[in-house]
Amino acid sequence: MRQLTEADILYIGMQLCDLLIYLYSFKERNFLPNMYKNLRLSNIVLSATGKVTMLDLCCSDLRRNSEYCAPEQFTGAQSDEQKILVYNLGAMLYHLFTGLNPSDTRFNLPPPDNYRLDMSRATIQLLTKATNSNASGRFANLNEMLSHMTKAYNSVMKKSGQN
């Protein structure tokens, strides 16, 4: 199995973000409340063509998954659910990029380029903003995160000549 490239991980992240935006749209109809509780890498399947599928999203184990939880999920501080999802997804992507499980450094994540020197500045900024321990420092919502992720992906693809 080959190591995922920066473009691969950003592409996975864009698909996950798009899926979370779609699922979040059902929130008003009380569909999948608290979906972030089962958001974890073990629930993601990546096909040979790069298509992402999520499994078991809040269907069986509703206990809190602490691997990618935002700080406010532990403290009980008021926060917008989208900002929590931004952190959850950012922490998952951080894990994919660095190999470091965010739960090992609880909300004190080292800069991602400490672990992966080949990352673009746009990707480093994306991860840093998404995993900001202060909710006010994160992207406002998943749509804003997706926009930044798409720009980072396009930049990486252009730089590699795969545009």
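Residues numbered from 1 in each chain as written. Predicted model: local features only at pLDDT ≥ 70, side-chain atom pairs only at ≥ 80, totals over all residues. Heavy atoms only, no water.

Caption draft 1: Inspection of the overall build of the chain at higher detail. From N to C terminus, the chain includes five helices and two strands. N-terminal to C-terminal, the α/β element order of the chain is α-β-β-α-α-α-α. Contacts spanning at least 24 positions in sequence make up 62% of the contacts within the chain whose residues lie at least 6 apart. Here the chain displays about 8,800 Å² of accessible surface, and carbon together with sulfur accounts for 50% of that area. (Helix = DSSP H or I, 4+ residues; strand = E, 2+ residues; numbered from the N terminus. Contact = heavy atoms within 4.5 Å. Areas by Shrake-Rupley, 256 points an atom, 1.4 Å probe, with all protein chains shown as cover.)

Caption draft 2: Region of the structure containing the nonpolar core. Counting 39 residues, the largest nonpolar core has Leu10, Leu16, Cys17, Leu89, Leu93, Met145 and Met149 as its most contacted members. For this core, the secondary structure elements donating two or more residues are helix H1 (6–24), helix H3 (81–98), helix H4 (121–130) and helix H5 (142–159). Of the residues forming this core, the biggest block, ten residues, is contributed by H3. Setting aside residues up to four positions removed in sequence, methionine 149 forms contacts with Leu10, Gly13, Met14, Cys17, Leu89, Leu93 and Leu126. (Core = buried A, V, L, I, M, F, W, Y, C linked by side-chain atoms within 4.5 Å. Buried < 20%, exposed > 50% of the residue type's maximum accessible area, 1.4 Å probe, protein only.)

Caption draft 3: Structural detail: the environment of proline 111. On the secondary structure map, proline 111 appears in the loop between H3 and H4. Spatially, the C-alpha atom of proline 111 lies 9.5 Å from that of threonine 98, the residues being 13 residues apart in sequence.

Caption draft 4: Local environment of the side chain of lysine 83. As for its position among the elements, lysine 83 is in helix H3. Setting aside residues no more than four positions away along its own chain, lysine 83 makes contact with Ala135, Ser136, Arg138, Phe139 and Ala140.

Caption draft 5: Region of the structure containing the pattern of salt bridges. Scanning the entire structure with this criterion turns up two salt bridges. Arginine 138 is the salt-bridge partner of glutamate 72, the closest N and O atoms lying 2.7 Å from each other. In this pair, glutamate 72 is assigned in helix H2 (residues 71–75) and arginine 138 in the loop between H4 and H5, connecting sequence segments 66 residues apart. Taken as a pair, glutamate 72 and arginine 138 share a single burial class, namely buried. When the shortest N-O distance is used, the salt bridge between arginine 116 and aspartate 118 registers 3.1 Å. For arginine 116, a relative accessible area of 6% translates into the label buried. Aspartate 118 gets classed as exposed once you look at its relative accessible area, which sits at 51%. (Salt bridge = Lys/Arg side-chain N within 4 Å of Asp/Glu carboxyl O.)

Caption draft 6: Quick peek at H4. Along H4, the residues classified as buried are Thr123, Ile124, Leu126, Leu127 and Ala130. Within H4, the buried residues cover an arc of 160 degrees as seen down the axis, which keeps them to one side. The inward-facing, buried residues of H4 contact H1, H3 and H5. (Arc of directions from axis to C-beta.)

Caption draft 7: Examining the side chain of glutamate 72 more closely. By relative accessible area, glutamate 72 is classed as buried at 8%. Within polar-contact distance, the side chain of glutamate 72 engages the side chain of arginine 138 at 2.7 Å. (Polar contact = N/O pair within 3.5 Å; in protein donor to acceptor, adjacent residues only side chain to side chain.)

Caption draft 8: Just the packing of H1 against H3, in detail. Contact geometry for H1 and H3: axes closest at 11 Å, N-to-C directions at 155 degrees. Taken together, the axis directions place H1 and H3 in an arrangement best described as roughly antiparallel. Like other packed secondary-structure pairs, H1 and H3 cross with a definite hand, here right-handed. Contact residues: Glu6, Ile9, Leu10, Ile12, Gly13, Leu16, Cys17, Leu20 and Tyr24 in H1; Glu81, Gln82, Leu85, Leu89, Met92, Leu93, Leu96 and Phe97 in H3. (Axes fitted to C-alpha atoms, helices over the stretch in contact; angles between N-to-C directions. Parallel < 35°, antiparallel > 145°, perpendicular 65-115°, else oblique. Left-handed = near helix turned anticlockwise from the far one by under 90°.)

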